[in-house]
Amino acid sequence: MTEPFLSIRNLRKTFGSFVAVHDVTIDIPKGEFLTFLGPSGSGKSTTLYAIAGFQDPTSGDVLLEGRSLLSVPSHKRNIGMVFQRYTLFQHLTVAENVAFPLRVRRRPDAEVNRKVAEMLSLVRLEGFGGRYPGALSGGQQQRVALARALAYDPPILLMDEPLSALDKKLREEIQAEIRRIHRETGVTILYVTHDQDEALHLSDRIALFRDGRIAQIGTGEDLYLRPACEFVASFIGNSNFLPAEHLQTTDGAATIRLADGSIVSGVKATQEFGQGQKTRLMVRPEAFRLRPGPATAGLAVEFIDAAFFGERRRVVARTSAGQEIDVRPPSDMANDHDETAQQSGQVFFDPAAAFLFPALQTT
Amino acid sequence: MSGNLPHRPPVLRKPVVRTRRGLGGALPALIIVSLFFVVPVVALLLRSVTEPTPGLQNYAILFGDGTYARVFFNTFLVASIVTAVTVMVAFPVAWTLAIMPPALGSIVFGIIILSMWTNLLTRTYAWMVLLQRTGVINRTLMDIGLISEPLPLINNLTGVTIGMVYIMLPFMILPLVGTLRAIDPMTLRAAALCGASPLDAFRRILLPLSLPGIAAGGLMVFVMSLGYFVTPTLLGGTSNMMLAGMIAQMIQSLLNWGLGSAAAFILLVVTMALYALQLRLVGTQRVTGGV
């Protein structure tokens with residue numbers, strides 16, 4: 001078996017009695033865009049800092065092409081990094097900032113100048129070389145930071161919530177830039193964010209962190225379509241959880257009884273369940289339809305509120321068991337009848353698009 | 001890519017808001033400044049060109065005589081050495097203070113301020129006790145066998161430098177801490193990941209960014225050192241007399257008010273010239289602000 005390009009092995013980091021990272025193991029192939037996604041305090045930044053060398057892990061290892069990085073000080077790791085705050089050197093011009101990593105490497109002037117020009121054109125800031133960081137907008141400063149981090153062709157680029165200080169429009173603009181730069185340079189990127197849209201937009205794979213562990217690692221589709229646990233299902237996208245009783249499972253397709261007594265067959269069991277076990281059925285709002293399909297299950301509801309958003313409707317409905325659910329069926333261009341105008345009716349879902357999770361532990 | 005600052009980064013400059021009001025509000029201040037500052041200085045200047053006889057002979061003596069020239073040179077030498085040593089000692093202290101947890105930092109700040117409030121003469125005599133031939137330092141070093149003869153630590157340049165640096169440290173540390181606290185520690189991490197060794201990061205990033213604080217504190221220390229009287233007189237020797245000591249001698253012992261006034265006036269002009277130079281180099285906000 002060949003060595004993975006970058007490998008994080010059983011990483012653990014504690015601060016006193018607080019465990020920031022429990023046990024994280026990831027193999028990252030060269031050129032991948034991997035995002036660490038998770039709520040704040042889930043250990044994603046701590047993991048990134050261990051790779052950068054800012055924090056020594058309590059145990060575990062970080063291997064780059066089979067060699068441990070832990071004994072290598074930050075300045076010899078040859079890793080690029082873009083930070084949350086703008087960490088440009090305020091006393092140096094844009095060009096001098098980008099040149100800085102090359103200057104400390106004692107590269108010849110001609111090479112430095114060529115590389116600075118190349119990098120400024122990569123981040124589309126040609127002509128800004130002579131300005132000081134203070135004269136640039138937030139978005140421009142982060143582009144300079146990106147150029148500085150890439151100027152020495154590092155094999156790995158770390159990005160720690162680089163867009164969180166920017167407004168929405170600018171964020172989307174720079175996301176597109178980051179995708180393009182990843183395509184053009186082929187650099188391996190480890191990206192930390194708590195924004196799932198950003199993670200889905202940018203990444204090849206997403207590692208979803210929770211309480212110092214990886215809840216699931218996979219592509220955006222994996223996480224959205226095949227969530228490994230309830231946390232993943234509720235963190236990525238929106239979800240409704242309906243209490244249900246498990247009756248039986250064959251070949252991963254479960255039969256359950258919902259709170260209103262109706263029996264649904266063919267939902268996806270995410271693990272083994274016992275007969276009569278309390279479970280929760282996850283149905284995404286966009287998996288609901290207002291009309292029955294070939295193999296759909298129906299759910300009797302009262303319509304409480306409905307709004308039309310063009311591509312889809314957003315409906316708040318209440319089940320006969322009294323639970324409010326979020327229903328977002330796509331608009332049907334071929335049929336303009338609005339079922340939600342009735343006081344009550346049914347919503348439908350394909351059991352194959354619903355996931356069965358164990359009921360929350362009551363402690 | 002040189003280390004000095006040919007252009008100032010505009011971000012560090014605060015906008016200067018000028019509001020023009022009448023002189024009415026400033027009148028009390030103007031009267032006080034005129035009465036207690038301008039009038040004495042003018043009197044001093046007049047004395048220097050009128051006593052014992054009208055003319056510039058006092059200045060001619062001061063600039064012409066080798067003895068006085070040596071005192072001037074010595075004054076600048078001591079002030080330069082003291083400033084340089086103070087910067088070198090103050091920087092690590094200020095950096096530690098800047099990155100310290102605030103609660104602990106305020107305690108250390110308190111200690112520094114407290115030492116400033118302690119009587120100057122007491123502190124200087126304390127150094128005499130420590131530095132003299134049979135003082136604590138020499139005795140300890142001889143007891144542990146590091147030296148066999150007492151080191152000459154007092155009545156020379158070494159003694160003056162030690163005593164003055166000690167007195168001047170707070171004036172350097174305070175502005176420097178202000179400047180250093182404004183530097184985002186993440187900037188230094190960024191420098192490290194860029195490949196800068198700790199020395200490179202200090203030389204190319206931390207030092208240039210803290211230059212405003214060093215300049216502000218350095219000017220303060222240099223100017224104060226130029227005119228310092230007590231410490232150089234008590235800890236220095238006769239061979240390295242400083243300007244303030246010379247002025248005191250001229251007026252107290254020789255009763256030569258004209259010559260003393262001329263020397264004092266030269267000191268004042270030099271000080272003001274230095275201040276003006278500093279303003280040109282780093283700007284008003286950086287000299288007066290940042291504390």
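Remember, it's a predicted structure, so these values are computed and weren't measured experimentally. (Residues numbered from 1 in each chain as written. Chains lettered and ligands numbered in written order. Predicted model: local features only at pLDDT ≥ 70, side-chain atom pairs only at ≥ 80, totals over all residues.)

(A) Quick peek at the UniProt feature "domain: ABC transmembrane type-1" (unreviewed entry) in chain B. Here, the residues flagged by UniProt with the feature "domain: ABC transmembrane type-1" (unreviewed entry) are residues 72–278 of chain B. With 80% helix and 0% strand, residues 72–278 of chain B has its two end C-alpha atoms placed 21 Å apart. (UniProt positions renumbered as here; feature names shortened; annotations may be inferred. Helix = DSSP H or I, 4+ residues; strand = E, 2+ residues; numbered from the N terminus.)

(B) Geometry of the UniProt feature "transmembrane region" (unreviewed entry) in chain B. Residue and element names in this part refer to chain B. As recorded in UniProt, the feature "transmembrane region" (unreviewed entry) lies at residues 23–46, 71–91, 103–121, 160–184, 205–230 and 250–277. Taken as a whole, residues 71–91 contains 100% helix and 0% strand, while its terminal C-alpha atoms sit 30 Å from one another. Secondary structure content for residues 250–277 is 89% helix and 0% strand, and the end C-alpha separation is 30 Å.

(C) Representation of the interface of chain A and chain B in the model. At the junction of the two partners, chain A supplies 25 residues and chain B supplies 21 residues. The element contributing the most residues to the side of chain A that touches chain B is helix α2 (residues 94–103) of chain A, with four residues. For the side of chain A that touches chain B, the class distribution of residues is 13 nonpolar, seven polar and five charged. (Contact = placed C-beta atoms within 7 Å. Nonpolar A, V, L, I, M, F, W, Y, C, P; charged D, E, K, R; others polar.)

(D) Geometry of the UniProt feature "domain: ABC transporter" (unreviewed entry) in chain A. Taking the UniProt record as the reference, the feature "domain: ABC transporter" (unreviewed entry) is found at residues 6–236 of chain A. Helix makes up 36% of residues 6–236 of chain A and strand 26%, whereas the separation of the span's terminal C-alpha atoms amounts to 26 Å.

(E) Up close: the sheet that holds strand β4 (residues 59–64) of chain A. All names here are of chain A. The strand order across the open sheet built from four strands is β2-β1-β4-β5, with neighbouring strands paired in antiparallel fashion. Two strands close off the open sheet at either side, each with one partner strand: β2 (18–28) and β5 (67–68). Note that β4 and β5 share two bridges and pair antiparallel. Opposite L63, over in β5, you have S68 as the bridge partner. Across the sheet, helix α1 (residues 44–52) touches β1 (6–15), β2 and β4, and the angle it forms with β1 is around 115°. (Pairing = 2+ DSSP bridges. Axes fitted to C-alpha atoms, helices over the stretch in contact; angles between N-to-C directions.)

(F) Examining the pairing of strand β14 (residues 278–283) of chain A more closely. Residues and elements named next belong to chain A. Sheet analysis places strand β11 (residues 240–250) next to β14, joined by six bridges and oriented antiparallel. Among the inter-strand pairings, P243 is bridged to a residue of β14, identified as R280. Strand direction decides the pairing type here: β14 and strand β20 (residues 354–358), joined by five bridges, are antiparallel. Bridged to M282 within β20 is F355.

(G) View of the confidence of the model for chain B. All names here are of chain B. When pLDDT is averaged along chain B, the result is 85; 89% of the residues meet or exceed 70. The spread of mean pLDDT over the elements of chain B runs between helix α13 (residues 284–288), the lowest at 47, and helix α3 (residues 66–99), the highest at 93. Across residues 1–15, confidence stays below pLDDT 50; counting only partners more than four residues off in sequence or on other chains, it has 22 contacts. Per-residue pLDDT stays below 50 along residues 285–291; that stretch engages in 19 contacts with residues further than four places along the chain or on separate chains. Complex prediction metrics read pTM 0.79 and ipTM 0.79. (pLDDT = per-residue confidence, 0-100.)

(H) Quick peek at the sheet that holds β14(A). Here we have five strands rolled up into a closed barrel, ordered β11-β12-β13-β20-β14 (chain A), and mixed in their pairing. The average angle at which neighbouring strand axes cross in this sheet is 55°, direction not considered.

(I) Representation of unusual backbone geometry. In this structure, the amide linkage connecting B:E51 to the following residue, B:P52, adopts the cis form with an omega of -10°. In this structure, A:R106 takes a positive phi of about 55° despite not being glycine. Relative to the helices and strands, A:R106 resides in the loop between α2 and α3 (109–122).

(J) Local environment of the environment of A:Y49. Assignment of secondary structure puts A:Y49 in helix α1. The residues touching A:Y49, leaving out its near neighbours within four places in the chain, are A:F54 and A:Q55.

(K) Inspection of the domain arrangement of chain A at higher detail. Residues and elements named next belong to chain A. Here chain A is partitioned into domain 1 (6–233) and domain 2 (239–358). On a C-alpha basis, the centroid separation for the pair domain 1 and domain 2 is 39 Å. In this complex, domain 1 contributes five residues to the contact, which on the side of domain 2 involves six residues. Residues that form the side of domain 1 that touches domain 2 fall into these classes: four nonpolar, no polar and one charged. (Domains from an automatic or database assignment.)

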